[in-house]
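# Overview (structure and organization)
The residues making up each chain are set out below.
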Amino acid sequence: MQLRFSTDCFLMCANPGQTCLQPCSLLSVGQTFSGTQNVSSPQKEEAWRVNVRIQGCDLNHGYLCGTMEALNVPMADTPVVTFWEGEIVDTKNYTFFTNKWKATSEVDIDHWTKFPSFSPLLSQVEVDGGKSLDLSNYQYIFMRWKEQYFVNVGSDCGLTIAGFYYVCFSCVDGSINGYYYDPNSSPFQKLELKTTNEGRSGFSFSSYELQ
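Residues numbered from 1 in each chain as written. Predicted model: local features only at pLDDT ≥ 70, side-chain atom pairs only at ≥ 80, totals over all residues. Heavy atoms only, no water.

## Thoughts on the confidence of the model for the protein chain
The predicted model of the protein chain averages 83 in pLDDT, with 80% of residues at 70 or higher. Overall, residues 1–8 carries pLDDT values under 50, and its contacts beyond four positions in sequence, including any with other chains, amount to 10 contacts. Across residues 199–211, where pLDDT falls below 50, the model places 26 contacts with residues more than four positions away in sequence or in other chains. (pLDDT = per-residue confidence, 0-100. Contact = heavy atoms within 4.5 Å.)

Written out as C-alpha coordinates, the structure reads:
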(Lines give C-alpha, C1' and ligand atoms only; values in the text may rest on other atoms or scores of the structure.)
Protein backbone atom coordinates (compact mmCIF):
# COMPACT_ATOMS: atom_id res chain seq x y z
CA MET A 1 0.00 0.00 0.00
CA GLN A 2 1.36 3.41 -0.94
CA LEU A 3 0.69 6.32 1.38
CA ARG A 4 0.30 9.80 -0.05
CA PHE A 5 0.83 12.85 2.12
CA SER A 6 0.52 16.56 1.56
CA THR A 7 3.70 18.58 1.82
CA ASP A 8 2.08 20.60 4.62
CA CYS A 9 0.45 19.17 7.71
CA PHE A 10 -3.09 20.43 7.19
CA LEU A 11 -6.29 19.04 8.64
CA MET A 12 -9.51 19.03 6.65
CA CYS A 13 -12.62 18.74 8.84
CA ALA A 14 -15.22 16.30 7.63
CA ASN A 15 -18.01 18.07 9.52
CA PRO A 16 -18.51 21.85 9.67
CA GLY A 17 -18.85 21.86 13.46
CA GLN A 18 -15.98 19.49 14.14
CA THR A 19 -13.09 20.63 16.31
CA CYS A 20 -9.83 20.55 14.38
CA LEU A 21 -6.17 21.15 14.96
CA GLN A 22 -4.96 24.10 12.91
CA PRO A 23 -2.38 23.88 10.09
CA CYS A 24 1.18 24.23 11.31
CA SER A 25 3.81 24.97 8.69
CA LEU A 26 6.62 23.93 11.05
CA LEU A 27 5.20 20.41 11.25
CA SER A 28 5.31 19.44 7.60
CA VAL A 29 6.70 16.70 5.40
CA GLY A 30 10.42 17.19 4.86
CA GLN A 31 10.89 19.36 7.94
CA THR A 32 14.04 18.51 9.88
CA PHE A 33 14.97 18.89 13.53
CA SER A 34 18.28 18.59 15.35
CA GLY A 35 19.20 18.26 18.99
CA THR A 36 20.07 15.74 21.70
CA GLN A 37 18.69 12.88 23.73
CA ASN A 38 19.93 12.64 27.27
CA VAL A 39 20.55 8.98 28.13
CA SER A 40 22.40 9.54 31.39
CA SER A 41 22.29 6.95 34.13
CA PRO A 42 23.20 7.31 37.82
CA GLN A 43 26.63 5.99 36.87
CA LYS A 44 27.39 8.17 33.85
CA GLU A 45 26.39 11.39 32.11
CA GLU A 46 25.69 10.76 28.43
CA ALA A 47 23.84 12.42 25.56
CA TRP A 48 23.44 11.50 21.91
CA ARG A 49 23.08 13.91 19.03
CA VAL A 50 19.79 13.31 17.25
CA ASN A 51 18.36 14.34 13.87
CA VAL A 52 14.70 13.89 12.94
CA ARG A 53 12.93 14.23 9.61
CA ILE A 54 9.14 14.25 9.11
CA GLN A 55 8.30 11.76 6.33
CA GLY A 56 4.49 11.79 6.46
CA CYS A 57 1.69 13.69 8.15
CA ASP A 58 -2.08 13.20 8.16
CA LEU A 59 -3.69 15.28 10.90
CA ASN A 60 -7.17 14.15 9.89
CA HIS A 61 -6.29 10.70 11.24
CA GLY A 62 -3.88 11.89 13.93
CA TYR A 63 -0.93 10.30 12.15
CA LEU A 64 2.69 11.32 11.73
CA CYS A 65 5.79 9.38 10.74
CA GLY A 66 9.46 10.01 10.20
CA THR A 67 13.03 8.93 10.73
CA MET A 68 15.28 9.46 13.72
CA GLU A 69 19.06 9.39 13.41
CA ALA A 70 21.13 8.92 16.57
CA LEU A 71 24.80 9.88 16.34
CA ASN A 72 27.79 9.19 18.59
CA VAL A 73 26.11 6.06 19.99
CA PRO A 74 28.91 4.26 21.88
CA MET A 75 27.98 0.72 20.85
CA ALA A 76 27.39 1.47 17.16
CA ASP A 77 29.97 1.95 14.40
CA THR A 78 27.64 4.18 12.36
CA PRO A 79 24.74 6.54 13.07
CA VAL A 80 21.64 4.51 13.96
CA VAL A 81 18.51 5.36 11.96
CA THR A 82 15.03 4.23 12.96
CA PHE A 83 11.61 4.68 11.38
CA TRP A 84 8.90 5.85 13.77
CA GLU A 85 5.17 6.38 13.64
CA GLY A 86 3.37 8.94 15.74
CA GLU A 87 -0.03 9.40 17.34
CA ILE A 88 -1.19 13.01 17.56
CA VAL A 89 -3.28 13.74 20.65
CA ASP A 90 -6.23 15.49 19.05
CA THR A 91 -8.92 14.08 21.43
CA LYS A 92 -10.66 12.62 18.37
CA ASN A 93 -8.30 9.90 17.18
CA TYR A 94 -6.12 9.73 20.29
CA THR A 95 -6.33 10.96 23.87
CA PHE A 96 -3.61 11.52 26.46
CA PHE A 97 -4.06 7.95 27.72
CA THR A 98 -1.84 5.52 25.80
CA ASN A 99 -3.58 2.24 26.77
CA LYS A 100 -0.73 0.12 25.35
CA TRP A 101 3.06 -0.25 25.23
CA LYS A 102 3.09 -1.07 28.97
CA ALA A 103 2.01 2.49 29.82
CA THR A 104 -0.66 2.88 32.49
CA SER A 105 -2.64 6.08 33.01
CA GLU A 106 -0.35 6.83 35.97
CA VAL A 107 2.72 6.49 33.73
CA ASP A 108 1.04 8.77 31.18
CA ILE A 109 0.36 11.48 33.75
CA ASP A 110 3.89 11.21 35.16
CA HIS A 111 5.33 11.91 31.70
CA TRP A 112 2.85 14.49 30.41
CA THR A 113 3.27 16.60 33.56
CA LYS A 114 6.96 16.98 32.69
CA PHE A 115 5.80 19.49 30.07
CA PRO A 116 4.85 22.90 31.58
CA SER A 117 2.41 23.45 28.70
CA PHE A 118 0.41 20.43 29.88
CA SER A 119 -0.39 21.88 33.32
CA PRO A 120 -3.60 23.72 32.30
CA LEU A 121 -4.97 20.46 30.87
CA LEU A 122 -4.17 18.14 33.77
CA SER A 123 -7.46 18.27 35.69
CA GLN A 124 -9.55 17.36 32.66
CA VAL A 125 -7.14 14.69 31.47
CA GLU A 126 -7.40 13.00 34.87
CA VAL A 127 -11.17 12.81 34.35
CA ASP A 128 -11.46 11.46 30.80
CA GLY A 129 -8.03 11.42 29.19
CA GLY A 130 -8.75 14.82 27.66
CA LYS A 131 -11.64 13.69 25.43
CA SER A 132 -13.62 16.84 26.20
CA LEU A 133 -10.73 19.27 25.65
CA ASP A 134 -10.65 21.63 22.69
CA LEU A 135 -7.04 21.73 21.49
CA SER A 136 -7.78 23.37 18.14
CA ASN A 137 -6.14 26.68 19.04
CA TYR A 138 -3.61 25.43 21.56
CA GLN A 139 -0.05 26.51 20.84
CA TYR A 140 1.31 23.05 21.55
CA ILE A 141 0.72 19.67 19.90
CA PHE A 142 1.16 16.56 22.03
CA MET A 143 2.17 13.27 20.42
CA ARG A 144 3.52 9.80 21.01
CA TRP A 145 6.32 8.54 18.75
CA LYS A 146 6.89 4.79 18.52
CA GLU A 147 9.96 3.49 16.68
CA GLN A 148 8.96 0.61 14.42
CA TYR A 149 12.22 -0.74 13.00
CA PHE A 150 15.90 -0.06 12.39
CA VAL A 151 16.57 1.34 8.91
CA ASN A 152 20.31 0.92 8.41
CA VAL A 153 21.48 -1.48 11.13
CA GLY A 154 20.39 -4.75 12.67
CA SER A 155 18.62 -5.24 15.97
CA ASP A 156 21.97 -6.21 17.50
CA CYS A 157 23.25 -2.62 17.25
CA GLY A 158 23.10 -2.16 21.03
CA LEU A 159 19.97 0.03 21.10
CA THR A 160 16.40 -0.88 21.96
CA ILE A 161 13.23 0.43 20.36
CA ALA A 162 10.90 -1.30 22.79
CA GLY A 163 9.72 1.96 24.32
CA PHE A 164 8.18 5.15 22.94
CA TYR A 165 8.40 8.93 23.27
CA TYR A 166 5.97 11.36 24.87
CA VAL A 167 6.38 14.46 22.69
CA CYS A 168 5.40 18.12 22.94
CA PHE A 169 5.72 20.27 19.81
CA SER A 170 5.59 24.08 19.92
CA CYS A 171 3.64 25.66 17.06
CA VAL A 172 5.33 28.97 17.88
CA ASP A 173 9.00 28.15 17.30
CA GLY A 174 8.94 24.52 16.12
CA SER A 175 10.85 23.20 19.10
CA ILE A 176 10.28 19.63 20.28
CA ASN A 177 10.66 18.24 23.77
CA GLY A 178 10.11 14.62 24.61
CA TYR A 179 10.63 11.89 27.18
CA TYR A 180 11.38 8.27 26.37
CA TYR A 181 9.48 5.60 28.27
CA ASP A 182 10.61 2.00 28.53
CA PRO A 183 10.27 0.13 31.83
CA ASN A 184 13.63 -1.51 31.15
CA SER A 185 15.55 1.68 30.33
CA SER A 186 16.72 4.70 32.28
CA PRO A 187 13.63 6.77 33.17
CA PHE A 188 12.76 10.14 31.66
CA GLN A 189 15.41 10.27 28.95
CA LYS A 190 14.88 13.78 27.60
CA LEU A 191 14.71 14.58 23.89
CA GLU A 192 15.34 18.23 22.90
CA LEU A 193 15.09 19.28 19.24
CA LYS A 194 15.05 22.55 17.33
CA THR A 195 13.61 23.03 13.86
CA THR A 196 16.25 23.59 11.22
CA ASN A 197 17.04 23.49 7.53
CA GLU A 198 19.70 21.06 6.39
CA GLY A 199 21.58 23.70 4.43
CA ARG A 200 21.93 25.91 7.48
CA SER A 201 22.42 23.33 10.19
CA GLY A 202 25.50 21.62 8.84
CA PHE A 203 24.05 18.11 8.82
CA SER A 204 22.41 16.07 6.13
CA PHE A 205 20.55 12.80 6.07
CA SER A 206 21.86 9.91 4.07
CA SER A 207 19.46 8.21 1.68
CA TYR A 208 17.68 5.22 3.15
CA GLU A 209 15.00 3.02 1.68
CA LEU A 210 12.02 2.75 4.02
CA GLN A 211 10.07 -0.48 4.06
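What follows continues from the structure just given.
## Comments concerning the environment of D108
Its place among the elements puts D108 in helix 1 (residues 105–112). Residue class for D108 comes out buried when judged on its relative accessible area of 1%. Put simply, D108 and Y166 are 58 residues apart on the chain and 8.4 Å apart in space, counted from C-alpha to C-alpha. When sequence neighbours within four positions are dropped, the list of residues in contact with D108 reads F96, F97, T98, N99, A103 and Y166. (Helix = DSSP H or I, 4+ residues; strand = E, 2+ residues; numbered from the N terminus. Buried < 20%, exposed > 50% of the residue type's maximum accessible area, 1.4 Å probe, protein only.)

## Let's talk about the sheet that holds strand 6 (residues 164–170)
Around the barrel, eight strands lie side by side as 1-2-3-4-5-6-7-8; this closed barrel has antiparallel pairing. Averaged over all adjacent pairs, the angle separating strand axes in this sheet is 30°, with direction ignored. For strand 4 (residues 80–88) and strand 5 (residues 140–150), the ladder comprises seven bridges, and the chain directions are antiparallel. Along strand 5, the bridge assignment pairs T82 with F150. (Pairing = 2+ DSSP bridges. Axes fitted to C-alpha atoms, helices over the stretch in contact; angles between N-to-C directions.)

## Things to note about the nonpolar core
Core analysis: the largest hydrophobic core is formed by 21 residues, its most contacted members being V52, L64, M68, M143, W145 and L193. For this core, the elements supplying multiple residues, two or more each, are strand 2 (47–58), strand 3 (63–71), strand 4, strand 5, strand 6, strand 7 (176–181) and strand 8 (189–196). Sorting elements by how many residues they give to this core places strand 2 first, with four residues. Beyond its immediate stretch of four places on either side in the chain, W145 contacts V52, L64, M68, W84, E85, G86, F164, Y165, V167, I176, L191 and L193. Counting 19 residues, the second-largest nonpolar core is a separate cluster that includes A103, F115, F118 and C168. (Core = buried A, V, L, I, M, F, W, Y, C linked by side-chain atoms within 4.5 Å.)

## Observations regarding the environment of T36
Tracing the chain through its elements places T36 in strand 1 (residues 32–38). The exposure class assigned to T36 is partly exposed, which follows from its relative accessible area of 32%. C-alpha separation for the pair T36 and V50, spaced 14 residues apart in sequence, amounts to 5.1 Å. The contact partners of T36, leaving out residues within four places of it in the chain, are W48, R49, V50, K190, L191, E192 and L193.

## Notes on the pattern of salt bridges
Tallying each qualifying case throughout the model produces three salt bridges. In this structure, the salt-bridge partner of E192 is K190, at a minimum N-O distance of 3.7 Å. A single network of salt bridges, built from pairs that share partners, joins E87, K100 and R144. (Salt bridge = Lys/Arg side-chain N within 4 Å of Asp/Glu carboxyl O.)

## As for the packing of aromatic side chains
In the structure shown here, the tally under the stated rule is 20 aromatic pairs. Here the aromatic rings of F115 and F142 are separated by 6.5 Å at their centres, their planes lie at 55°, and the arrangement is tilted. Taken together, the residues span a long stretch of sequence, with F115 in the loop between helix 1 and helix 2 (122–128) and F142 in strand 5 at a distance of 27 residues. F142 carries the same exposure label as F115, and that label is buried. (Phe/Tyr/Trp six-rings, centres within 6.5 Å; stacked < 30°, edge-to-face > 60°.)

## What to know about unusual backbone geometry
The phi dihedral of T91 falls on the positive side, at around 65°, and the residue is not glycine. With a relative accessible area of 16%, T91 lands in the buried category. The phi dihedral of K102 is positive, around 65°, even though this residue is not glycine. Among the structural elements, K102 can be located in the loop between strand 4 and helix 1.

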